[in-house]
Amino acid sequence: MSDSLPIDEVVRRTGLTSRALRFYEGRGLITPLRTGSGRRWFGPEELERIQRIVALKKAGLSLADIKRLFDHRPINLLALLSAQRRRLAEQAEEIADAIGLIDTALSRIDRGEPLDAATFCSLIRDGEKLMTDQTQAWQDVVDQYYTPEEQAEWQEHMADAPEFSQEAYQAQWHALSARIEAALPLEPDSDAALAFVREWFALLKPFSRNATPAMWKGTTRMYDDMARWEGKVDPGFSKPVWDFIMTATPAALNRGEDIGPMPAWFARPAGQEKR
């Protein structure tokens, strides 16, 4: 074991926590050596696998996807990475365009010039175009999972939902998703996981107050399939975050936690199929 490192040294070198390393081990992603006393030691191959896990997570793969990749099982890696690249490229282009318009406006304001109507209208028009494009993209996704009759039922059930700022609501999802992803991996039955689940369902209240079991199932089916479409629209959270919530929610319910209204099938033990 002369070329192996103890877990505290691996933590120092990789920036990962010992909890994360144990979590990866529990998921079968790494297999450190064990001493007679149970102390973990990591050889060169395990260190390389850890670096691969970190890189693949940054590329948008879930731990389940990474495990399939390591086990040489089929995985549509091309689709996953293509969707990730497409989403980032689209965001970069939109951000660059918006920054260019804002810089133009700011430079005129700095020079004491009035902001002309053409520039101001361009800012508004481009913002509206992005919203329109996103609305159409969402409609294309929804059409894949819901019939026109089911969509009409959606509108009927959500008609009484209170109005709120969609922009602010989306920002809340982005913020929660970022905090969850930064905390992963988490044990699904941990206190930290429970806190995230509570926040998740608190944000879902505009939907959960009026959702039928069919609406819950349809929405779950759509987000389970995120890898196919997440590069086209922005759901407000990533696939790894969705996978975590799908594991942590049953764990919370099995602890007897009250996290709001949802269908009974959601309460099955973690790891069981929900469909």
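Trp173, Ile180, Trp200, Trp229, Phe237 and Phe244 are the most contacted members of the largest nonpolar core, which has 37 residues in total. Those elements that provide at least two residues to this core are α6 (117-145), α8 (166-183), α9 (191-203), α11 (213-224) and α12 (239-254). Per element, the largest residue contribution to this core is eight residues, and it comes from α12. One finds Leu5, Phe42, Ile53 and Leu63 within the second-largest nonpolar core, a separate group that totals 18 residues.

This part takes up the packing of aromatic side chains. All told, the structure shown has eight aromatic pairs when counted by the stated rule. Taken together, the ring pairs in this structure connect Trp173, Trp200, Tyr223, Phe237 and Trp242 into an aromatic cluster.

Strand order across the open sheet formed by three strands is β1-β3-β2, with antiparallel pairing between neighbours. Either end of the sheet is taken by a strand with one partner, and the two such strands are β1 (5-6) and β2 (33-34). The pairing of β1 with strand β3 (residues 40-42) spans two bridges and is classified as antiparallel. Among the inter-strand pairings, Pro6 is bridged to a residue of β3, identified as Trp41.

When two helices pack together, their arrangement is captured by the angle between the axes and the distance separating the axes. At a minimum axis distance of 10 Å, the contact between α11 and α12 shows a crossing angle of 135 degrees. In terms of axis orientation, α11 runs oblique to α12. On α12, the residues that touch Thr220, Tyr223 and Asp224 of α11 are Lys239, Trp242 and Met246.

This next bit is on a nonpolar patch on the surface. Together, Ile102, Leu106 and Ile109 line one region of the surface with nonpolar side chains, adding up to about 270 Å² of accessible area. Looking at the element boundaries, Ile102 is found in helix α5 (residues 77-110).

We now examine the side chain of Glu257. By the element assignment, Glu257 lies in the segment after α12. Engagement of the side chain of Glu257 in a polar contact is seen with the side chain of Arg198, the distance being 2.7 Å. Excluding residues within four positions of it along the chain, Glu257 makes contact with Leu194, Arg198 and Ala252.

With that settled, consider unusual backbone geometry. Cis rather than trans, the peptide bond between Leu184 and Pro185 has omega equal to 5 degrees. Within the secondary structure, Pro185 is located in the loop between α8 and α9.

With that settled, the discussion passes to the confidence of the model for the protein. Model confidence for the protein is summarised by a mean pLDDT of 77, while 77% of its residues fall at 70 or above. Ignoring residues within four places in sequence, the model shows residues 267-275, a span with pLDDT below 50, making 16 contacts including any to other chains.

This part is about helix α2 (residues 18-26). Among all positions of α2, only Ala20, Leu21, Phe23 and Tyr24 are buried. All buried residues of α2 fall inside an arc of 160 degrees around its axis, so they share one side. In this structure, the buried residues of α2 make contact with α1 (7-14), β3, α3 (44-58) and α4 (63-70). After α2 finishes, the residue Gly28 shows a positive phi value of roughly 80 degrees.

Parameters and conventions
- Residues numbered from 1 in each chain as written.
- Predicted model: local features only at pLDDT ≥ 70, side-chain atom pairs only at ≥ 80, totals over all residues.
- Heavy atoms only, no water.
- Core = buried A, V, L, I, M, F, W, Y, C linked by side-chain atoms within 4.5 Å.
- Buried < 20%, exposed > 50% of the residue type's maximum accessible area, 1.4 Å probe, protein only.
- Helix = DSSP H or I, 4+ residues; strand = E, 2+ residues; numbered from the N terminus.
- Phe/Tyr/Trp six-rings, centres within 6.5 Å; stacked < 30°, edge-to-face > 60°.
- Pairing = 2+ DSSP bridges.
- Axes fitted to C-alpha atoms, helices over the stretch in contact; angles between N-to-C directions.
- Parallel < 35°, antiparallel > 145°, perpendicular 65-115°, else oblique.
- Contact = heavy atoms within 4.5 Å.
- Patch = residues over 30% accessible without salt bridge, like charges linked within 9 Å, V, L, I, M, F, W, Y side chains within 5 Å.
- Areas by Shrake-Rupley, 256 points an atom, 1.4 Å probe, with all protein chains shown as cover.
- Salt bridge = Lys/Arg side-chain N within 4 Å of Asp/Glu carboxyl O.
- Polar contact = N/O pair within 3.5 Å; in protein donor to acceptor, adjacent residues only side chain to side chain.
- pLDDT = per-residue confidence, 0-100.
- Arc of directions from axis to C-beta.

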